[in-house]
Amino acid sequence: MGVHKKQRDAEETKQEYMKKSSCIFLVLVALLVGLFVGNTITVFYMGQRQGTGQAVVSSPAGKPTEGVVDQAALARLEKATAAAPTNAKAWVDLGNFCFDNGLPKKAIKAYEHALELSPMQGDVWSDLGVMFRQDGQFREALDAFGQASRIDPKHVTSRYNMGIVYYYDLNDKANALRVWESLVAENPDVKTPTGQPLVELIKKLNQ
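I will try to describe carefully the structure that is included in this document. Here the structure is a predicted model, which means the values were calculated and not measured.

### Describing the overall build of the protein
Of regular secondary structure, the protein possesses nine helices and zero strands. In the protein, the order of α-helices and β-strands from amino to carboxyl end is α-α-α-α-α-α-α-α-α. Across the 207 residues of the protein, 38% fall into the buried class. Carbon and sulfur atoms make up 58% of the accessible area of the protein, which totals about 12200 Å².

### So, the side chain of Ser 158
Mapped onto the fold, Ser 158 is located in helix 7 (residues 156-169). Contact partners of Ser 158, with chain neighbours within four places excluded, come to Ser 126, Phe 145, Ala 148 and Ser 149.

### A closer look at the packing of helix 6 (residues 138-151) against helix 7
For the pair helix 6 and helix 7, interaxial distance at closest approach is 8 Å and the crossing angle is 160°. Considered as vectors, helix 6 and helix 7 are oriented roughly antiparallel to each other. Helix 6 and helix 7 meet at a crossing whose hand is left-handed. Across the interface between the two elements, Phe 138, Arg 139, Ala 141, Leu 142, Phe 145, Gly 146, Ala 148 and Ser 149 from helix 6 touch Ser 158, Arg 159, Asn 161, Met 162, Val 165, Tyr 166 and Asp 169 from helix 7. Residues of the contact of helix 6 with helix 7, tallied by class, amount to eight nonpolar, four polar and three charged.

### Considerations on helix 3 (residues 88-100)
Over its 13 residues, helix 3 extends 18 Å from the first C-alpha to the last, a length consistent with the 18 Å expected when each residue adds 1.5 Å. Where burial is concerned, most of helix 3 is hidden: ten out of the 13 residues are buried. Taken together, the buried positions of helix 3 are Ala 88, Ala 90, Trp 91, Val 92, Leu 94, Gly 95, Asn 96, Phe 97, Cys 98 and Phe 99. Residues of helix 3 that are buried make contact with helix 2 (71-83), helix 4 (104-117) and helix 5 (122-134). Capping the start of helix 3, Asn 87 holds a side-chain oxygen 3.0 Å from the backbone nitrogen of Lys 89, two or three residues further along. Positive backbone phi, at 70°, marks Gly 102, one or two positions downstream of helix 3.

### Thoughts on the packing of helix 8 (residues 173-186) against helix 9 (residues 198-206)
As a packed pair, helix 8 and helix 9 sit with axes 10 Å apart at the nearest point and diverge in direction by 150°. By the angle class used here, helix 8 and helix 9 are roughly antiparallel. Considering how the two elements wind past one another, helix 8 and helix 9 form a crossing that is left-handed. Contacts between helix 8 and helix 9 involve Lys 173, Leu 177, Trp 180, Glu 181, Leu 183 and Val 184 from the former and Leu 198, Val 199, Leu 201, Ile 202, Leu 205 and Asn 206 from the latter. Along the lines of polarity and charge, the residues of the contact of helix 8 with helix 9 split into nine nonpolar, one polar and two charged.

### Considering the nonpolar core
Counting 43 residues, the largest nonpolar core has Tyr 111, Leu 128, Met 131, Tyr 160, Trp 180 and Leu 198 as its most contacted members. The set of elements that each furnish at least two residues to this core consists of helix 2, helix 3, helix 4, helix 5, helix 6, helix 7, helix 8 and helix 9.

### Remarks on unusual backbone geometry
Positive phi, close to 55°, is recorded for Asn 171, a residue that is not glycine. Relative to the helices and strands, Asn 171 is located in the loop between helix 7 and helix 8.

The rules we used
Residues numbered from 1 in each chain as written. Predicted model: local features only at pLDDT ≥ 70, side-chain atom pairs only at ≥ 80, totals over all residues. Heavy atoms only, no water. Helix = DSSP H or I, 4+ residues; strand = E, 2+ residues; numbered from the N terminus. Buried < 20%, exposed > 50% of the residue type's maximum accessible area, 1.4 Å probe, protein only. Areas by Shrake-Rupley, 256 points an atom, 1.4 Å probe, with all protein chains shown as cover. Contact = heavy atoms within 4.5 Å. Axes fitted to C-alpha atoms, helices over the stretch in contact; angles between N-to-C directions. Parallel < 35°, antiparallel > 145°, perpendicular 65-115°, else oblique. Left-handed = near helix turned anticlockwise from the far one by under 90°. Nonpolar A, V, L, I, M, F, W, Y, C, P; charged D, E, K, R; others polar. Expected span 1.5 Å × (residues − 1). Polar contact = N/O pair within 3.5 Å; in protein donor to acceptor, adjacent residues only side chain to side chain. Core = buried A, V, L, I, M, F, W, Y, C linked by side-chain atoms within 4.5 Å.

If you want it as structure tokens, here you go:
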């Protein structure tokens, strides 16, 4: 009986170890899946400033790019707008600097000044939309992206970004698909920042 008891105890210990190992394995799997999903979502947070009309990547909404701001450069740009308050380009330059340095609130004010003076600038509207998004103002971001696409119906970045805001920020899959399907109907070659054809992403979301 003593031998059987030892064997039974050993078997129970082995089973208990297997249970613990399985739990550890499941936790590791869950962490890996979480990291993969997180990275996948991050890829689609749009909007590095550029005027090429191509879709690019930046930080998630509400999380401006971190870094040390060149205060002297910022002061020079602010001084330029103060010296020439009706110079739209000076305001755009200030907005671009704030965009690149993770200062969405300052960028928004600068871009809004620029657009009051010179409203027919699709790229500036699109950049304003990105800054609204980083500042957590999602409806305002949609309005800005919409304005950019009305000025330039072929402005790929703004239309793509509208879908991003709908899908990830407003949890509105229907409108995201509507925007993206309209975009690929005109331009089937549009790609996501990872290089995946937008057509493929739409197919996956429709499954």
